[in-house]
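Commentary on secondary and tertiary structure
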Amino acid sequence: MNIDPVKIIKISAGAVTAAAVSYALGLEYAVSAGIICLLTIQDTRKETLTITLKRLIAFCGVTALCALIFGLCGFGLLQLGAVLMLFLTLCGALDMSEAVAMNSVIATHYFVSGDISLPMMGNELMLLAAGAGIGVLLNIFMPSNTRKIRRIQQETDDKIRRIIGRMAVYITAEDKSDYTGSCFKETDRLLEALRRESVKYIGNSFVSEKDYFYKYVGMRMEQCVILMRIFTDIKRLSIVTSYAEPIADFLNEMSRQFSEINDAVGLLEDIDGLFSYYSEEALPQSRQEFENRALLYHILCDLKNFVALKADFANALDENEKKRYWINYTA
């Protein structure tokens, strides 16, 4: 179960504050403002503002329906049922399901009070303003999750760096019995956590360039798929020859250079050099050697794709993104 103590405290404090403000203003059904606040607070600022706008529109709709039906037909259960049926239909048609619960409660306020006058409408509008307003304010001033993203990002990159370092060892090792892929499970967990925080980061920002972390985690996820293929190929290598040593050296170098701010241009040049080197090597003499060389060639192709993903990511960044996420962060 994923429990966010900050969110729990924020919602609880907001609900109590909204109810207290409503009581202080002398509003009827003041405690409902706390429930409105509770329903308003979402994980991101964008979600909170979007839902608040939908609920305001739905409030106008349910108030109009109550004024029409209760005003013409009186305050009875059948009339309340008609209001709710029409209101639910309206919310479904306008994709405002998030507004149903809160505004249905407001409809019951009109029904229980037997009052659809302008002062009563003002009371309900003030409840909405108090509950939703405090909810929006709490989300606007919520702390940024940038530090959390950076912590997960650093931990993830360290894991990937160690995976590459182990590959450099085992690609030339005769005994691979203790070489397992258990490290990928932890890396996948970290990448998923990073993806969730990146989505939250986007939702708390109104600047289009702030999808940097989401793009970054997407690039790392693709790279890890490639690393898993390389791991499988290394496990399948049946003989140890000096033919694999240049790739091992490259893996060591790639591990040393593995960094968020590396544009990978130099590594791509090194890989092209390896392809040239291997093209001049003598042909294999046995079937087993041929199969091993094919695996090593496949590993080399995957390594090029791995590095190219980072090079493409770096090349796609504009100067503002590099300044915001690379230069300022590393300073």
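Our subject is the structure that appears above.
A brief look at the structure comes next. As the structure is a computational prediction, the values presented were derived from the model and not from experiment. (Residues numbered from 1 in each chain as written. Predicted model: local features only at pLDDT ≥ 70, side-chain atom pairs only at ≥ 80, totals over all residues. Heavy atoms only, no water.)

**Some points on the overall build of the protein**
Regarding its fold elements, the protein presents 13 helices and zero strands. Relative to the 2.2 N^0.38 estimate, which gives 20 Å for 331 residues, the radius of gyration of the protein is 30 Å and therefore markedly larger than a compact globule would have. With respect to the three principal axes, the spread of C-alpha positions in the protein is 95 × 45 × 35 Å. By residue count, 44% of the 331 residues in the protein fall in the buried class. Here the analysis covers contacts within the protein between residues at least 6 apart in sequence; of these, 78% occur between residues at least 24 apart. Accessible surface, the protein as shown: approximately 17,200 Å² in total, 61% of it carbon and sulfur. Across the protein, 34 positive and 39 negative side-chain charges occur, with their mean positions spaced 4 Å apart. (Helix = DSSP H or I, 4+ residues; strand = E, 2+ residues; numbered from the N terminus. Rg over C-alpha atoms; globule rule 2.2 N^0.38 Å. Buried < 20%, exposed > 50% of the residue type's maximum accessible area, 1.4 Å probe, protein only. Contact = heavy atoms within 4.5 Å. Areas by Shrake-Rupley, 256 points an atom, 1.4 Å probe, with all protein chains shown as cover. Lys, Arg positive; Asp, Glu negative; His and termini not counted. Charge placed at Lys NZ, Arg CZ, Asp CG, Glu CD.)

**A word on the packing of aromatic side chains**
Counted by the stated rule, this structure contains 14 aromatic pairs. Judged by centre distance (5.6 Å) and plane angle (55 degrees), the rings of tyrosine 212 and phenylalanine 313 are tilted. Placement of the pair is tyrosine 212 in helix α9 (residues 212-236) and phenylalanine 313 in helix α12 (residues 287-316), with a sequence separation of 101 residues. For the residue pair tyrosine 212 and phenylalanine 313, the accessibility class agrees, reading buried in each case. Geometrically, the ring pair formed by tyrosine 216 and phenylalanine 313 is edge-to-face, given 5.6 Å between the ring centres and 75 degrees between the ring planes. (Phe/Tyr/Trp six-rings, centres within 6.5 Å; stacked < 30°, edge-to-face > 60°.)

**Details of unusual backbone geometry**
Glycine aside, residues mostly have negative phi, and peptide bonds are mostly found in the trans state. A positive phi angle is found at tyrosine 29, which is not glycine, with a value near 55 degrees. For tyrosine 29, the position within the fold is in the loop between α1 (5-24) and α2 (31-40). Of note, the phi angle at aspartate 95 is positive, near 55 degrees, even though the residue is not glycine. Within the element layout of this structure, aspartate 95 appears in the loop between α4 (77-93) and α5 (100-113).

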